[in-house]
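Summary of the model geometry
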Amino acid sequence: MPEHPRVAIIVISYNTRPMTLERLRTISDGAAHTSHEVIIVDNDSTDGSAEAIADEFPAYRLIASNENLGFARANNLAATHTDAQRLLLLNPDTLVDAGAIDALIEFADANPDAGIWGGRTRFGDGSPNPTSCWQRPTPWSVLCSALGLARIFSHSRLLNSESLGVLPDGTERHVDVVTGCLLLIDRRLWETLDGFDPAFFMYGEDADLCLRARMHGARPMVTAAAEIVHYGGQSDRVRPDKIVRLFRARRQLYTRHWSAAWQWWADAGPMLNIFLRRLAEAARGSKSDDGSASNDGRVYAAVWSRRKEWTGRRTDSVVS
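Quick caveat, the model's predicted, so the values are computed rather than measured.

Turning to the overall build of the chain, a few remarks are in order. Scanning the chain for helices and strands turns up 11 helices and 12 strands. Against the compact-globule benchmark of 20 Å for 320 residues, the chain has a radius of gyration of 20 Å, which places it among compact chains. Reported as C-alpha extents along the three principal axes, the dimensions of the chain are approximately 60 × 40 × 40 Å. Looking at the chain residue by residue over its 320 residues, the buried ones come to 52%. Within the chain, counting contacts between residues at least 6 apart in sequence, those at least 24 apart form 78% of the total. Surface accessibility of the chain: about 14700 Å² in total, with carbon and sulfur atoms responsible for 52%.

Let us now look at the environment of G30. Structurally, G30 can be placed in helix α1 (residues 17-30). Once the C-alpha coordinates of G30 and A100 are considered, the two residues, 70 residues apart in sequence, prove to be 5.0 Å apart. Ignoring anything within four residues of it in the chain, the contact list for G30 reads V96, D97, A98, G99, A100, I101 and D102.

Applying the stated criterion across every chain yields a total of 17 salt bridges. R25 serves as the salt-bridge partner of E56, at 2.7 Å between the closest nitrogen and oxygen. Linking E56 in helix α2 (residues 49-56) with R25 in helix α1, this pair joins segments that are 31 residues apart in sequence. Exposure remark for E56: the relative accessible area of 34% places this residue in the partly exposed category. Between D197 and R256 there is a salt bridge, and its shortest N-O distance comes to 3.1 Å. Highlighted residues: D197 in the loop between α7 (187-192) and α8 (205-215) and R256 in helix α9 (residues 239-257), separated in sequence by 59 residues.

Before going further, it helps to examine the state of the cysteines. Inspection of every chain in the model, using the stated rule, returns 0 disulfides. C181 supplies the cysteine sulfur nearest to C133, a cysteine that is in no disulfide, at a spacing of 10 Å. Judged by relative accessible area, C133 falls into the buried class, the value being 0%. C181 sits in the buried class, given a relative accessible area of 4%.

Backbone geometry at N15 places phi at a positive 55°, although glycine is not the residue there. One can find N15 in the loop between β1 (7-13) and α1. Of note in the backbone geometry, Y203 takes a positive phi value of approximately 80° without being a glycine.

Further remarks concern the packing of α1 against α2. Contact pair α1 / α2: the axes reach a minimum separation of 9 Å and the direction vectors enclose 25°. If you check the angle between α1 and α2, you find them roughly parallel. Regarding α1 and α2, the two cross each other, and that crossing is right-handed. Two secondary-structure elements touch here, α1 through R17, T20, L21, L24 and R25 and α2 through S49, A52, I53 and E56.

Aromatic rings considered in pairs are described by the distance between their centres and by the relative angle of their planes. Per the counting criterion, the structure on display carries 7 aromatic pairs. Ring geometry for F57 against Y60: centres 5.1 Å apart, planes inclined by 5°, an arrangement best described as stacked. On the numbers, 5.3 Å between centres and 75° between planes, the contact of W190 with F196 is edge-to-face. The exposure class assigned to W190 is buried, which follows from its relative accessible area of 6%. In textbook terms, an aromatic cluster arises when at least three aromatic residues are bridged by ring pairs, as seen for F71, W190 and F196.

What follows deals with the packing of α9 against helix α11 (residues 295-305). Where α9 contacts α11, the two axes come as close as 9 Å, and the packing angle between them is 45°. By the criterion of interaxial angle, the relationship of α9 to α11 is oblique. For the crossing formed where α9 meets α11, the hand is right-handed. Of the residues in α11, those touching α9 at R239, P240, I243, V244 and F247 are N295, D296, V299, Y300, A302 and V303. Within the contact of α9 with α11, the residues separate by chemical class into 8 nonpolar, 1 polar and 2 charged.

Another aspect to go through is the nonpolar core. By size, the foremost hydrophobic cluster in this structure holds 47 residues, and its most contacted members are I116, L183, I185, W190 and L209. In terms of nonpolar packing, the next biggest core, distinct from the first, is built from 31 residues, L88, A103, A108 and A114 among them.

Before going further, it helps to spend a moment on α11. V299, Y300 and V303 are the residues of α11 that are buried. All buried residues of α11 lie within an arc of 85° about the axis, which places them on one face of the element. Contact partners of the buried residues in α11: α9 and α10 (265-283).

Parameters and conventions
- Residues numbered from 1 in each chain as written.
- Predicted model: local features only at pLDDT ≥ 70, side-chain atom pairs only at ≥ 80, totals over all residues.
- Heavy atoms only, no water.
- Helix = DSSP H or I, 4+ residues; strand = E, 2+ residues; numbered from the N terminus.
- Rg over C-alpha atoms; globule rule 2.2 N^0.38 Å.
- Buried < 20%, exposed > 50% of the residue type's maximum accessible area, 1.4 Å probe, protein only.
- Contact = heavy atoms within 4.5 Å.
- Areas by Shrake-Rupley, 256 points an atom, 1.4 Å probe, with all protein chains shown as cover.
- Salt bridge = Lys/Arg side-chain N within 4 Å of Asp/Glu carboxyl O.
- Disulfide = S-S within 2.5 Å.
- Axes fitted to C-alpha atoms, helices over the stretch in contact; angles between N-to-C directions.
- Parallel < 35°, antiparallel > 145°, perpendicular 65-115°, else oblique.
- Left-handed = near helix turned anticlockwise from the far one by under 90°.
- Phe/Tyr/Trp six-rings, centres within 6.5 Å; stacked < 30°, edge-to-face > 60°.
- Nonpolar A, V, L, I, M, F, W, Y, C, P; charged D, E, K, R; others polar.
- Core = buried A, V, L, I, M, F, W, Y, C linked by side-chain atoms within 4.5 Å.
- Arc of directions from axis to C-beta.

Shape descriptors only; they carry no functional weight alone.
Below is the structure:
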């Protein structure tokens, strides 16, 4: 490990042992020409992740937490253990292409005023993944999502305004939000922002960080030259739990970054989304072909029954 690495690569592990180990094996090729250190925070995994990481990667710094800190707090903890010039946040459910980190560092060196930099992602089957960057959420974009228009007209810049689509080869552009699965940030900017807002347990913290960074003059950028595989959702497999976390995180994000006149929509948008989904389930029948209740119907009924966890009526709660 270099004494003063240019970049600290931070990985948060939670019950994804095989995938985390596979991903860690790709880092050295991804950063072959960049001095770096790797810091892993294991969020109290029960699958032996911490022990396996320590055994295979003794040169990496492992912080084994005795509680699940969530994504934001775990990254904040890791950042206190390095003095690297930049921090690179990498999800455990990713694979780093050869030279990808080198390319991202080179891109950051060429565009230092951006403050935050990201790359391009693809799914495990090799197909393009359009979720590596986003535009900011607005009341209009939330309405389009709630009505299903963003999904039906996914290529429309009007009806799916948060999505920037797949980055074509050679693309370099400014964006509002760089997704946290591959997010490089200048250390001074990270310290100015006090890192992630720890109120975000999982999801939304990357958007909040980028939007706050823009208030401080940063102009986040992405490049298609730095590419990784991102499988997505591997540490959060229970679908109702995931949706509750997403809704809660989105509400936190909206209330922090929207004007007071639109605060009511932070709750109303997700509630409209669930109402319309349940209405659609009822319209096509509550039973599947084998006579059992439809999976989507069960999922969204469960999410609705837990609405106190993601509405403003209990904003101090954390879904764990």
